[in-house]
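# Observations on the three-dimensional arrangement
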Amino acid sequence: MIERISNSMAESDDTGKRKRNDNDTNTVLELDYKVFNDPIHGHIEIHPLCMKIIDTPEFQRLRYLKQLGACYYVFPGASHNRFEHSIGVCHLAGEMVCRLQKQQPELGVTDEDVLCVKIAGLCHDLGHGPFSHLYDGKFIPLVVSESKWTHEEASIQMFDHLIEKNNLEKDFLEYNLTFKEREFIKELINGPSDDKDKGSDKKKYLYEIVANKRNSVDVDKFDYFARDSYMLGIKNNFDHNRFMRFCRVIEDEYDEKRICIRDKEAENLYEMFHTRKTLHSRAYQHAVTQAVESMIVDALIIADKCETFTFLGTDK
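So, here's what we can say about the structure.

Calculation rules
Residues numbered from 1 in each chain as written. Predicted model: local features only at pLDDT ≥ 70, side-chain atom pairs only at ≥ 80, totals over all residues. Heavy atoms only, no water. Core = buried A, V, L, I, M, F, W, Y, C linked by side-chain atoms within 4.5 Å. Buried < 20%, exposed > 50% of the residue type's maximum accessible area, 1.4 Å probe, protein only. Helix = DSSP H or I, 4+ residues; strand = E, 2+ residues; numbered from the N terminus. Contact = heavy atoms within 4.5 Å. Salt bridge = Lys/Arg side-chain N within 4 Å of Asp/Glu carboxyl O. Expected span 1.5 Å × (residues − 1). 1 Å grid on protein atoms, 1.4 Å probe; cavity = no way out; pocket = protein on both sides within 12 Å on 5 of 7 lines; lining within 4 Å. Points joined across faces, edges and corners; volume = space filled by probe spheres on them. Nonpolar A, V, L, I, M, F, W, Y, C, P; charged D, E, K, R; others polar. Polar contact = N/O pair within 3.5 Å; in protein donor to acceptor, adjacent residues only side chain to side chain. Axes fitted to C-alpha atoms, helices over the stretch in contact; angles between N-to-C directions. Parallel < 35°, antiparallel > 145°, perpendicular 65-115°, else oblique. Left-handed = near helix turned anticlockwise from the far one by under 90°. Patch = residues over 30% accessible without salt bridge, like charges linked within 9 Å, V, L, I, M, F, W, Y side chains within 5 Å. Areas by Shrake-Rupley, 256 points an atom, 1.4 Å probe, with all protein chains shown as cover. Phe/Tyr/Trp six-rings, centres within 6.5 Å; stacked < 30°, edge-to-face > 60°. Lys NZ or Arg CZ within 6 Å of the ring centre and 35° of its normal.

Formed by 71 residues in total, the largest nonpolar core has its most connected members in Ile119, Phe172, Ile209 and Phe222. Per-element accounting of this core gives the leading share, ten residues, to helix α3 (residues 82–103). Residues contacting phenylalanine 222, with those up to four places away along its chain left out, are Leu92, Met96, Val217, Phe238, His240, Phe243, Met244 and Met272. Listed in part, the eight residues of the second largest apolar core include Ala70, Ile140, Val292 and Val297.

Take the pattern of salt bridges next. Overall, the coordinates contain 17 salt bridges when judged by the stated rule. Among the salt bridges present, the one from arginine 227 reaches aspartate 38, with a minimum N-O distance of 3.1 Å. Placement of arginine 227 in helix α10 (residues 219–232) and of aspartate 38 in strand β2 (residues 34–38) is noted, with a sequence separation of 189 residues between them. Across the pair glutamate 265 and arginine 242 runs a salt bridge whose closest N-O atoms are separated by 3.0 Å. Separated by 23 residues along the polypeptide, glutamate 265 in the loop between β5 (257–260) and α12 (266–284) and arginine 242 in helix α11 (residues 240–246) bring together distant segments of the chain. Under the relative-accessibility criterion, arginine 242 is labelled partly exposed at 35%. Residues joined in a network through salt bridges with shared partners are Lys204, Glu208, Arg214, Asp252, Glu256 and Arg258.

In this model, α12 (19 residues) spans 25 Å end to end at C-alpha, consistent with the 27 Å of a helix rising 1.5 Å per residue. Of all the positions in α12, only Asn268, Leu269, Met272, Thr275, Thr278, Leu279, Ala283 and Tyr284 are classed as buried. The inward-facing, buried residues of α12 abut α10, α11 and α13 (287–305).

What follows concerns the layout of surface pockets. Taken as a whole, the largest pocket spans an internal volume of roughly 780 Å³. Lining the largest pocket are 35 residues; nearest its centre among them are Arg82, His128, His133, His151 and Tyr224. Counting only elements with at least two residues in the lining of the largest pocket, the list comes to α3, α5 (133–143), α6 (151–165), α10, α12 and α13. When its residues are assigned to classes, the lining of the largest pocket shows ten nonpolar, 14 polar and eleven charged.

Tracing the backbone shows histidine 41 in the loop between β2 and β3 (42–46). Within the structure, histidine 41 has its side chain in polar contact with the side chain of aspartate 223 (distance 2.7 Å). Residues within four places of histidine 41 in sequence aside, it is in contact with Gly88, His91, Leu92, Asp223, Arg227 and His240.

Contact geometry of α6 with helix α8 (residues 179–190) gives a least axis separation of 9 Å together with a crossing angle of 155 degrees. Judged by the inter-axis angle, α6 sits roughly antiparallel to α8. Here the hand of the crossing between α6 and α8 comes out right-handed. Where α6 abuts α8, its residues Glu152, Glu153, Ser155, Ile156, Phe159, Asp160 and Ile163 lie against Arg182, Ile185, Lys186, Ile189 and Asn190. In terms of residue class, the contact of α6 with α8 is built from five nonpolar, two polar and five charged.

Together, Leu142, Val143 and Val144 make up an exposed nonpolar region whose accessible area comes to about 220 Å². By the secondary structure assignment, valine 143 is in helix α5. Taking the relative accessible area as the measure of exposure, valine 143 reaches 30% and is therefore partly exposed.

Next up on the list: the packing of aromatic side chains. Following the criterion strictly, the structure yields ten aromatic pairs and no others. With a centroid separation of 5.7 Å and 85 degrees between ring planes, the pair formed by phenylalanine 184 and tyrosine 207 is classed as edge-to-face. Here phenylalanine 184 is found in helix α8, whereas its partner tyrosine 207 is found in helix α9 (residues 207–210), with 23 residues between them in sequence. In this structure phenylalanine 184 comes out as buried when scored by relative accessible area, which is 0%. You can call tyrosine 207 buried: its relative accessible area is 9%. Here the aromatic cluster, defined as three or more aromatic residues joined through ring pairs, consists of Tyr135, Phe139 and Trp149. Over the face of the ring belonging to phenylalanine 83 we find arginine 63, whose NZ or CZ atom lies 4.0 Å from the ring centre.

Such coordinate-based values are descriptive only and should not be taken to indicate function.
So this is what it looks like as structure tokens:
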């Protein structure tokens, strides 16, 4: 279910968009949001620029990519797709960065930073191929052994293509997201660039929200642990909402700002890694799942060698 947030109680400009109210305590851009009723996170608000991205064919393609690939042939409940997972990550990314913005105003997190992190969460899986990780983890290495192609790199390429193909550059500029911010979004998806002239000089701790290269604790995992467990019927004891409530940005021994948690939250974090281990052993690496994946890879290899295809019921 999708609902449009009523702006009847808010002051609006001539375009009908909600204007920023000086008495508004919210720190994010309060505009023409839409509300999704998600089975995992409940009612979540989606920024209008994120809706522009969602409404593109490139993003709608994610409706047809199973989140767990061949697991669906073993666990009938695992029918969820990359589409809803990406929206869930967008939501959690926004929740975490907004909490940091509100609780630690000295960090200087801007509304543009918040929007960039949300978009990175939304677009982080744009580059996935058929059957998700089976495609880049098993199929590609067999047909192009020298390739170092990853779905993260493909997500960045698809992100650029999405903006160009759907003429979204002007929409990004409407929310003060220039070329520099778009590069920042791509870095949030695949890690910071080594090219300082090309990359962004944004706050380092923001790179730990969507795709944490430092310790792998990020909102991408928060969503798929909760979503996969729910759809597979496997218990998940990790409380990602509690984790986000108690996280703070502090300086480490190298004087670099990092996202950290209190020592008393260690048990909750242990539960996250235990959930990961359980999902891998009981579902992702299930013996029958592996067997089905092998058959799918064999079929893809045969299809890759075909120059033409004949469809049933047609002469072509």
